[in-house]
Every structure is written in C-alpha cells, then in structure tokens.
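# Chains, contacts and geometry: an overview
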Amino acid sequence: MSLTKYESQLREPLVDGKKTYHDVTVDIVHTIEAKPTRLWYIGFYVAVALLLFGVFSVYMEVVYGIGQWNVNRTIGWGWDITNFVWWVGIGHAGTLISAILLLFRQGWRTGVNRAAEAMTIFAVMCAGQFPIFHMGRVWMAFFTMPYPNTRGPLWPNFNSPLMWDVFAISTYFTVSLLFWYSGLIPDLATVRDRAKTKLRKYLYGIAAFGWTGSTKHWQRHESLSLVLAGLSTPLVLSVHTIVSFDFATSVVPGWHTTIFPPYFVAGAIFSGFAMVQTLMLIMRKVMGLQDYITLGHIEAMNKVIVLTGSIVGCAYLTELFMAWYSMVPYEQAAFFKFRIAGPYGWSYWLMMTCNVISPQLFWFRKLRRNIAFTFIMSIVVNIGMWFERFVIIVTSLYRDYLPSSWSPYYRPTIWEVGFYLGTFGLFFTCFFLFAKYFPVIAIAEIKAVLKTSGESYKDEMAPLEVMSTEKFAHEMLHHDEHHREGDVHVVHHDKH
Amino acid sequence: MSVKKFVVGCFDDEKVLFPAVTKVRKAGYKLQDVYTPFPVHGLDKAMGLRDTSLHTAGFIFGLIGTTTAVTFMSWVFTKDWPVNIGGKPHFALPAWIPITFELTVLCAAVGMVLTFCYICQLAPFIKKHHFHPRATDDLFVMVIECTSKTNEHELKNFLDAAGAIESNIQVVEDGWWIGRYDRDQQLYKEPIVA
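Because the structure is a prediction, the values reported are computed rather than measured.

Residues and elements named next belong to chain B. Pairing within the open sheet is antiparallel, and its four strands lie in the order β2-β4-β1-β5. The outermost strands of the open sheet, each flanked by one partner alone, are β2 (30–35) and β5 (166–173). Strand-to-strand twist in this sheet, taken as the mean axis angle between neighbours without regard to direction, amounts to 25 degrees. Here β2 runs beside strand β4 (residues 140–145); their pairing, made up of five bridges, is antiparallel. By the bridge assignment, Lys-30 is partnered in β4 with Glu-145.

Written out as structure tokens, the structure is:
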C-alpha cells in the first residue's frame with residue numbers, strides 16, 4: 001500500500017459490482033460473441049438506409065453539379081460547411097477523453113475512451129465528405145495533394161487556411177486511427193484467445209497482430225500510448241483552431257475575430273461530449289454495460305459540458321461586446337442587424353437557448369445524474385451546436401457588401417439535407433458495426449484500474465479511513481523501506 | 001527460430017506474482033517473459049528490464065517531419081515556383097506553422113507506431129506461441145527458459161511453491177512465424193470455476 005495509491009472512499013468506484021479480471025473479460029466480450037439483438041438489426045438497417053439515401057444525394061450533386069444545392073453566389077457555404085464543422089467538432093471529444101484526460105490522469109476515461117475514440121474516427125470520416133464534395137468537381141480532389149505533377153509542377157498554396165485544413169483533417173484522422181487501433185490490439189487478442197469458432201479465431205488472429213501480452217511489449221505499449229496522447233493533445237487543439245482559421249483569416253465581418261480559435265475548440269469539445277453522452281447512454285443500456293459506464297462517468301461528462309458550454313456562452317457575449325466596442329459599423333451591422341435580428345434571428349436565439357441557457361441546468365447535481373435529462377440535453381446541445389455553425393456561416397454571408405448581391409432566403413434542397421442524413425447513416429453504420437465486432441470498452445485498461453478503483457477495492461479502504469494519521473504514516477514509511485530492500489516496486493494492498 | 005524447453009507458471013494475483021519474480025531472479029533462472037492481460041506497473045522494473053527508448057524514436061520521427069515540411073515549403077515558394085500572392089513575402093514562415101506542425105505530429109505518430117510494431121513483431125498474419133490462452137484474460141503467465149543445467153521438475157516445484165496456481169513444461173518454438181490462429185491454437189472452452 002503506497003501513499004499515492006490511497007483512494008478516498010468519497011470518490012465513487014469506476015467499476016461497479018465486485019468484479020474479477022475474468023468477469024471484466026466476459027462482460028465486455030460477450031457482446032461480440034452473442035448474436036446481435038433485434039434492436040441492433042433495426043438500428044443497423046435504419047443507418048444503412050440513411051447511408052444509401054446519402055449516397056444517392058451525393059450522386060445527384062456529383063452528376064448535376066453544385067446547383068443541386070441552394071447555396072448561391074453570396075451564401076457559398078451553406079449546409080455543407082456547417083455540417084463539416086459540426087462533425088469535426090463532434091470528433092474532438094474522443095481525443096479529449098483518450099488523450100487529454102490520459103495526461104491529466106483521469107481514471108474515469110477508461111470506461112468511455114474506446115467508444116469515444118471510435119466516435120472520433122467516424123465523425124472525422126463524415127466531416128471529410130463535405131469539403132470534398134463541396135469542391136464540385138470531386139474527381140479533382142487529389143489536386144490538393146502536393147505531388148510532382150505535369151502542370152509545372154504547380155504546388156498547392158500552403159499559405160491558405162483551406163490547405164491547412166487538408167493537412168489538419170487528414171493528420172487528425174490518421175493519428176486518431178493509429179491511437180485507437182494500437183489500443184485495440186491487446187483487446188482484440190483477448191477476443192482471439194476466447195474465440196469458440198474457427199472463423200472468429202482466424203479473423204481476430206489477423207486483427208490482433210500476434211499480440212502475446214509480453215511485459216516488454218506492454219512497457220512499449222504504455223510508452224506509445226503516452227506519447228501518442230502527448231501528440232494528440234496539441235493536435236486536437238490545432239485541428240479546430242485551423243478550422244476556425246477558415247473563417248478568422250477572412251475579411252468577412254462576423255468571421256474576422258481573434259476569439260475564434262479558443263471559442264471553436266471549446267464549442268467542439270462541448271458538442272463532442274454531448275454526442276458521447278447520446279451514444280453512451282444508449283450503449284450502456286442496450287449492451288448492459290451499466291457497471292462500466294456508471295452514473296459517475298455520466299456526471300463527469302456533464303461537468304465538462306457545463307464548463308465548455310459556459311465558455312462558449314462567454315464567447316458569444318464577447319463577440320457582441322467587441323462588435324459594439326469596436327465602433328466598426330460593418331461589424332455592428334453583422335451582429336446587431338443581421339445576426340441577432342433579421343430573417344435568421346430565430347436561429348441565433350435557438351443557438352443561445354440550446355448552448356448557453358439550457359446547459360446551465362447541469363449545475364444541479366440531481367440533473368447531472370439524471371439519465372433521461374442528460375439524454376435530452378445531449379440532443380439539445382447538438383442541435384444548438386449545429387445552429388452555431390449555421391449562424392456563423394449563413395448570417396455572415398447573406399448580406400454582402402452590395403445590396404444587389406443580397407441573398408434570397410436560404411433553404412436547403414432535399415439533396416443538401418440528404419447528404420447530411422447520409423453522413424448520419426455512415427456514422428451510425430460504422431458505429432453499429434464497431435459495437436458488434438470490437439470490444440467497446442478498453443478491457444485491458446479497465447483491468448489496470450480495477451484493483452485501485454473497483455468497488456471491492458473501495459471496501460478495502462474502509463479500515464484505512466479509521467486509522468490514525470501517525471499510524472498510517474508509519475506504515476507507509478516502513479513499507480517504503482521494505483521496498484528498497486527487495487529492489488522491487490510493488491503496489492501491495494495487504495497492509496491492512 | 002528454434003525449439004526450446006520452457007517451464008510455465010501461472011499466477012492469478014499480482015501480490016503473489018511480484019515476490020515470485022524476485023525469487024526466480026534471485027535463484028538465477030533465465031526468465032524468458034511474463035505475459036499479462038494488462039500493463040502491470042512496476043513489473044518491468046521487477047523483471048530487470050531496461051526502460052524503452054521508443055519515445056526517442058518518436059522524437060526523431062517528429063524532427064524529420066518538421067524538417068521535411070519547412071524545407072519543402074520554402075523550396076516551393078522561394079525556388080521552384082515563387083507565386084506572387086498579393087505582394088506578400090515568398091518566405092512566409094508564420095503561415096507555414098500549421099502545416100509544419102501537422103506534419104511533425106503525423107510523422108512522429110506514424111513513425112512511432114511502425115517502430116512499435118517492428119520491435120514487438122506485430123503485424124497481421126504473424127503467429128507466435130502462446131503459453132496459456134488465459135494470458136490475455138486473467139492470468140499472469142511466467143515463462144522460464146530451460147538451459148542445459150536446469151532441472152525442470154525442480155523448477156516446476158519451485159514455481160508451485162512460489163504460488164503458481166498452474167504450472168507445466170512446454171517444448172515449443174520460440175519467436176514468430178507466419179501462421180493462422182485457427183489452425184494452431186485450440187478453440188476456447190469456458191474455464192472450470194473452482
């Protein structure tokens with residue numbers, strides 16, 4: 001028992017139920033081994049149907065051109081870029097949970113990190129579709145890659161924020177995928193070694209890369225996870241910063257502000273956590289993972305939501321204040337005439353209600369721990385965050401500098417909506433397959449925290465709580481001496 | 001790869017495993033490895049393994065990314081095809097920071113993962129001998145290589161005395177080869193709960 005391993009009883013256990021290592025394996029792997037439920041099939045088919053509708057919408061756009069959408073000369077970025085920013089934002093929560101919370105040593109991340117990382121990867125896949133198809137001539141998309149070509153070679157403009165986006169999003173996708181899969185390898189090996197059918201043994205045998213669980217490999221694996229977390233942390237901040245540069249480096253009133261990078265990053269984490277909540281609340285219920293994704297986990301995520309929601313609210317108010325304080329008539333017009341009022345004023349107030357006002361209810365502990373309320377809020381926040389991007393894009397563009405180019409009221413066509421629905425299809429198709437074929441909770445990581453934060457371990461802490469401080473300190477000291485003699489650093493729990 | 005003889009001891013508790021590792025090392029046996037279902041902190045130190053220098057590899061790969069990005073962009077914009085963009089400077093270092101950063105992270109991450117897979121011999125279709133199927137479930141599997149001087153039965157008893165719940169002697173091929181898990185590894189049966 002070392003001092004650093006003392007866990008207060010006030011802290012909730014991360015894993016409920018008195019589990020052994022084998023119980024953890026069975027609980028998490030059984031969803032892979034069992035036949036999918038009827039609910040899974042219904043959800044999967046709905047997702048595939050949406051995906052097919054999306055594919056058809058994209059087909060219409062590719063064959064007949066951007067004119068199939070209602071974006072026009074003034075509102076050049078409509079639903080598509082709104083959806084792009086929305087999906088990228090959602091992706092951020094996964095990296096935050098897996099990387100930033102790892103660096104901050106937040107034990108509760110182990111219950112949700114695997115699914116959240118998967119969510120990141122699928123969300124970034126969805127996000128990437130929008131700028132690619134918004135190019136119009138999608139078959140020219142490879143022109144963004146700097147390769148020696150026959151046109152000079154003519155290189156892409158590396159000074160352009162849109163070019164930065166190409167690098168940021170593709171790097172983000174690659175690194176998230178590597179981080180996710182390197183974490184999956186040991187758990188896939190667990191599935192492989194438990195396989196009862198030949199096919200499963202064969203496929204998971206390939207997927208697990210021949211993982212054995214050697215101590216040296218674990219040591220390297222730990223080092224790898226830590227460095228990847230250290231790399232992903234600035235990466236995730238840079239990605240949404242660069243997305244916000246798409247707007248902030250322009251000279252459009254309403255976009256040209258230095259507050260955009262931190263404001264976008266906070267908003268991204270805010271919407272991402274809301275999406276994690278939506279998925280986790282369904283997943284824990286459907287797959288019976290209540291012992292691993294506990295009320296404590298849900299409350300912790302709700303705390304992040306109320307924090308980031310308040311940061312976003314501050315940013316909204318700062319924007320309004322700066323527009324007034326700057327005394328720039330264009331800036332003031334953008335905010336006070338065309339954004340909070342005007343034909344799209346309703347979207348601004350919807351955004352304000354969903355993002356700033358309603359999450360404040362999470363200051364109440366009762367509501368933070370209420371599953372139904374959390375689920376509704378997670379949807380509300382995601383609607384609000386979608387409208388945030390819509391407000392930023394559409395209300396800054398629909399009144400151009402010349403009244404002659406003022407836009408008529410912008411409504412999406414069915415193919416614009418269909419493309420968006422299609423990305424939902426893509427996202428949920430991937431997520432359903434992930435939930436069926438991959439361990440949705442990081443088995444090895446749960447086992448690593450089981451003896452420190454599991455419920456049975458918490459009970460062992462009870463005698464320590466009543467022990468006098470002097471006696472506790474003495475035992476610690478004595479124990480440390482014992483360590484040095486044996487030249488072994490061990491975490492024993494046998495002193496009490 | 002060669003066929004070797006190993007004595008395998010399985011432990012189900014870290015509290016028993018750590019003193020056992022110390023005892024085995026003190027007795028001078030050749031500890032091949034300990035296979036664990038999750039990273040057991042301090043076990044590498046207890047086994048006398050040196051720290052990994054994988055992070056150094058990551059740092060070097062990151063530097064390669066930084067250099068590539070900066071040299072390539074400056075070459076493109078100052079030598080190969082200097083484009084006049086609104087009269088702005090050709091050598092626009094601040095504007096290259098985002099791509100330089102992204103490429104640094106990309107190279108470091110990809111390079112590190114590939115290095116990790118290479119030094120741990122991890123890849124699809126790679127097959128290794130698994131001393132116990134529950135090593136990825138709930139057992140800590142200690143494997144000791146027999147040398148010409150080792151008395152394996154004595155060693156087996158030694159492991160039993162150190163608290164192994166199960167021990168056996170295996171004559172198997174060391175290292176890795178290309179293979180299929182469904183051919184060589186037995187299918188799983190639920191362990192009998194004692």
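Okay, the interface of chain A and chain B next. By a widespread convention, an interface's size corresponds to the accessible area lost as its parts come together. The interface of chain A with chain B comprises 68 residues on the first partner and 73 residues on the second. Summing both sides of the interface, chain A and chain B together bury roughly 6600 Å²; the carbon and sulfur share of this comes to 68%. Our count for the contact surface shared by chain A and chain B stands at zero salt bridges. The tally of links from chain A across to chain B stands at 24 residue pairs in polar contact (both at pLDDT 80 or more). When residues of the side of chain A that touches chain B are assigned to their parent elements, the largest contribution, 17 residues, is made by helix α7 (residues 215–248) of chain A. Taken together, the residues of the side of chain A that touches chain B break down into 31 nonpolar, 24 polar and 13 charged.

Residues and elements named next belong to chain B. When the pLDDT values of chain B are averaged, the result is 88; 94% of them are 70 or greater. The weakest mean pLDDT in chain B belongs to helix α6 (residues 181–184) at 76; the strongest belongs to helix α4 (residues 93–119) at 95. At the level of chain-chain contacts, confidence expressed as ipTM amounts to 0.92, with global pTM at 0.90.

A few words now on helix α6 (residues 198–207) of chain A. Those residues of α6(A) lying buried are Arg200(A), Lys201(A), Tyr204(A), Gly205(A), Ile206(A) and Ala207(A). Two residues or fewer after α6(A) comes Phe209(A), characterised by a positive phi angle close to 60 degrees.

Cut-offs applied
Residues numbered from 1 in each chain as written. Chains lettered and ligands numbered in written order. Predicted model: local features only at pLDDT ≥ 70, side-chain atom pairs only at ≥ 80, totals over all residues. Heavy atoms only, no water. Pairing = 2+ DSSP bridges. Helix = DSSP H or I, 4+ residues; strand = E, 2+ residues; numbered from the N terminus. Axes fitted to C-alpha atoms, helices over the stretch in contact; angles between N-to-C directions. Contact = heavy atoms within 4.5 Å. Buried area = accessible area lost by both parts, 1.4 Å probe. Salt bridge = Lys/Arg side-chain N within 4 Å of Asp/Glu carboxyl O. Polar contact = N/O pair within 3.5 Å; in protein donor to acceptor, adjacent residues only side chain to side chain. Nonpolar A, V, L, I, M, F, W, Y, C, P; charged D, E, K, R; others polar. pLDDT = per-residue confidence, 0-100. Buried < 20%, exposed > 50% of the residue type's maximum accessible area, 1.4 Å probe, protein only.

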